[in-house]
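If you want the building blocks of each chain, they are given just below.
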Amino acid sequence: MKNLYIFIAVLFIPWSSSLAKYDEFEDGDDIMEYDDNDFAEFEDVSEDTVTESPQRIITTEDDEEEATVELEGQDENQEDFDDADTQEGDTESEPYDDEEFEGYEEKPDASHSKNKDPITIVNVPAHLQNSWESYYMEILMVTGLLAYIMNYIIGKNKNNRLAHAWFNTHRELLESNFALVGDDGTNKEATSTGKLNQENEHIYNLWCSGRVCCEGMLIQLKFLKRQDLLNVLARMMRPASDQVQIKVTMNDEDMDTYVFAVGTRKALVRLQKEMQDLSEFCSDKPKSGAKYGLPDSLAILSEMGEVTEGMMDAKMIHFLTHYADKIDSVQFSDQFSGPKLMQEEGQLTKLPETKKTLLFTFNVPGSGNTSPKDMESLLPLMSMVIYCIDKAKKFRLNREGKQKADKNRARVEENFLKLTHVQRQEAAQSRREEKKRAEKERIMNEEDPEKQRRLEEAALRREQKKLEKKQMKMKQIKVKAM
Amino acid sequence: VPPDRAPLPPARYKPPATETNPALEDPTPDYMNLLGMVFSMCGLMLKLKWCAWIAVYCSFISFANSRSSEDTKQMMSSFMLSISAVVMSYLQNPQPMSPPW
């Protein structure tokens with residue numbers, strides 16, 4: 001992704017500069033101007049060179065264009081000087097001293113005969129040329145920056161409008177279902193702020209709480225990064241859509257133990273790899289939901305068949321079929337702990353904390369080119385969420401299902417403990433060593449020799465006791481083995 | 001009041017703990033910040049104008065992608081550094097930048 005950005009930026013520069021390149025030498029007047037101004041510097045060096053060079057055909061130049069233009073310039077110069085000849089005292093038409101052309105009248109014929117001396121014209125450094133055109137790269141850069149800033153402002157405003165359009169559409173439904181709509185955690189009292197939290201220029205949060213059976217609901221509006229020009233350019237090649245992610249945290253007593261997911265096949269495959277709970281409890285590949293009347297685009301991942309049967313009731317199927325294009329994934333899980341944590345070997349000593357969660361990810365229609373009106377089409381999905389909350393509360397596994405579920409959970413925990421057994425032993429060992437070292441240090445630091453002796457003896461006694469205990473245990477094991 | 005709305009004190013918002021799960025965070029602003037500083041250092045030390053310009057772009061991109069909770073001082077300092085790199089390069093060598101081709 002970053003490589004793409006760099007590639008695009010690098011492409012941008014040569015393309016636009018190639019448009020600006022050939023403006024440099026079109027204006028002959030400029031050349032004439034700087035020629036004269038600059039040669040004014042060499043006034044006292046030699047009047048010959050000043051007066052002769054304009055007439056010379058410059059052959060030392062590399063660029064042909066430059067040569068031809070300067071030829072034209074010379075012709076104009078010649079005309080000017082001719083005028084100077086005839087209007088000697090007239091200083092209005094020329095900005096130069098008369099002195100400059102003191103010896104000029106004698107020169108014209110004489111100079112033609114000695115045009116064999118090679119003249120090296122010094123290339124006037126670009127920054128002395130006083131022309132903006134030579135700074136075209138800089139102008140390009142600044143234009144690029146201005147374009148970026150413009151895009152930032154436009155993108156930020158669009159995301160803002162979309163977020164508020166979403167909120168205005170959904171506000172009523174949320175306020176009728178939740179006591180607390182909008183909270184940023186900073187107020188002392190739990191009062192609804194009635195506003196979205198802006199986390200970013202493209203991510204908006206809304207926390208709703210105060211409903212039976214669920215602890216709370218966090219809605220995240222994850223828009224595209226319209227404020228970043230690089231992202232906008234990347235999206236031209238790879239279209240993506242805005243997402244609305246809803247995470248409902250259930251109370252412990254309000255949801256039974258199961259793991260279930262439904263969504264697009266692609267999304268489920270990805271989630272199965274990434275999510276801790278789906279990878280552990282749903283080992284099969286996503287199955288087609290055609291059996292329940294779901295469209296082909298949707299698939300199901302489930303811990304056991306009973307859960308699928310229970311979840312796929314008529315209303316649910318209705319929701320899923322009607323809004324299949326907007327649904328990315330729906331996940332119900334009592335063992336939800338987020339994505340798999342990448343931890344180094346030896347650090348995993350505890351299972352990650354789990355919470356009973358319902359997780360919904362919806363795609364906003366429009367595939368990036370959304371307008372505020374599209375937000376209205378997401379309203380039925382929110383109704384689906386509310387329905388699922390109630391359903392999750394009501395759905396209970398039967399005895400068999402519960403047994404299976406408990407067995408699964410026990411199995412996962414056992415596996416985990418086995419994996420970490422070695423690490424836990426090592427951790428315990430290192431803790432013991434730490435204690436010993438601390439003891440020894442204390443003894444060393446004791447200044448009073450009496451106390452020192454006593455502490456040492458106490459430590460020795462403890463060591464001996466431990467050894468005895470171990471020996472007893474070994475004997476017992478041996479006896480048992482026999 | 002609909003019966004579903006709970007009269008009990010509702011649970012408060014807790015920002016998702018991204019510190020414990022760095023995979024959830026978007027690394028772009030941090031990378032761009034670092035890149036911007038590296039480029040502005042290169043531009044200043046090696047007197048390369050294009051480095052300085054890229055540094056300005058990087059700091060803009062980092063700003064656009066940053067979270068609102070992020071320190072503005074950090075943003076401003078990287079931005080100022082890149083601007084100073086550009087200005088210094090031009091003061092030392094006022095020639096316009098030559099394209100690489």
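Throughout this description, residue numbers start from 1 for each chain and increase along the sequence as written. Chains carry letters and ligands carry numbers; both start at the beginning, A for chains and 1 for ligands, and go up in the order they are written. Reporting of local features is limited, given that this is a predicted model, to residues whose pLDDT is at least 70; pairs of side-chain atoms are given and counted only at 80 or more, and all residues count toward the totals for whole chains, interfaces and linings. Where side-chain values are given, they derive from all heavy atoms of the structure, hydrogens and water being excluded.

1. Quick look at the pattern of salt bridges
Any two side chains of opposite charge can pair if their charged atoms end up close together. All names here are of chain A. By definition, a salt bridge exists where a carboxyl oxygen of Asp or Glu is found within 4 Å of a side-chain nitrogen of Lys or Arg. Under the defined criterion, the tally for this structure stands at 17 salt bridges over all chains. A salt bridge links Glu215 to Lys355; the shortest N-O distance between them is 3.2 Å. Of the two residues, Glu215 is situated in strand S4 (residues 214-222) and Lys355 in strand S10 (residues 355-363); the sequence distance between them amounts to 140 residues. Here Glu215 falls in the partly exposed class, since its relative accessible area comes to 27%. Residue exposure (1.4 Å probe, protein chains only): buried if accessible area is under 20% of the type maximum, exposed if over 50%, otherwise partly exposed. In this structure Lys355 comes out as partly exposed when scored by relative accessible area, which is 37%. In this structure, Asp313 engages Lys391 in a salt bridge whose closest nitrogen and oxygen atoms are separated by 3.1 Å. Only DSSP runs of H or I reaching four residues or more are called helices, and only runs of E reaching two or more are called strands; each is numbered from the N terminus.

2. Description of unusual backbone geometry
Even without being glycine, Cys213(A) reaches a positive phi, approximately 70°. Note that Cys213(A) resides in the loop between strand S3 (203-209) and S4. Its identity as a non-glycine residue notwithstanding, Lys47(B) has a phi of 55°, on the positive side. Along the chain, the position of Lys47(B) falls in the loop between helix H1 (28-46) and helix H2 (49-65).

3. Some details on the environment of Leu218(A)
Position of Leu218(A) among the secondary structure elements: in strand S4. In sequence terms Leu218(A) and Gly182(A) are 36 residues apart; their C-alpha atoms lie 9.5 Å from each other.

4. Quick notes on helix H3 (residues 72-92) of chain B
Residue and element names in this part refer to chain B. Take the number of residues in a helix, subtract one, and multiply by 1.5 Å to get its expected span. In a regular helix each residue adds 1.5 Å, so 21 residues correspond to 30 Å; H3 covers 30 Å between its end C-alpha atoms and thus fits that length. For H3, the full list of buried residues reads Met75, Ser78, Ser82, Ala85, Val86, Ser89 and Tyr90. All buried residues of H3 fall inside an arc of 125° around its axis, so they share one side. Those residues of H3 that are exposed and aimed more than 90 degrees away from the buried face are Thr72, Lys73 and Leu91. Directions drawn from the helix axis to the C-beta atoms are what define this arc.

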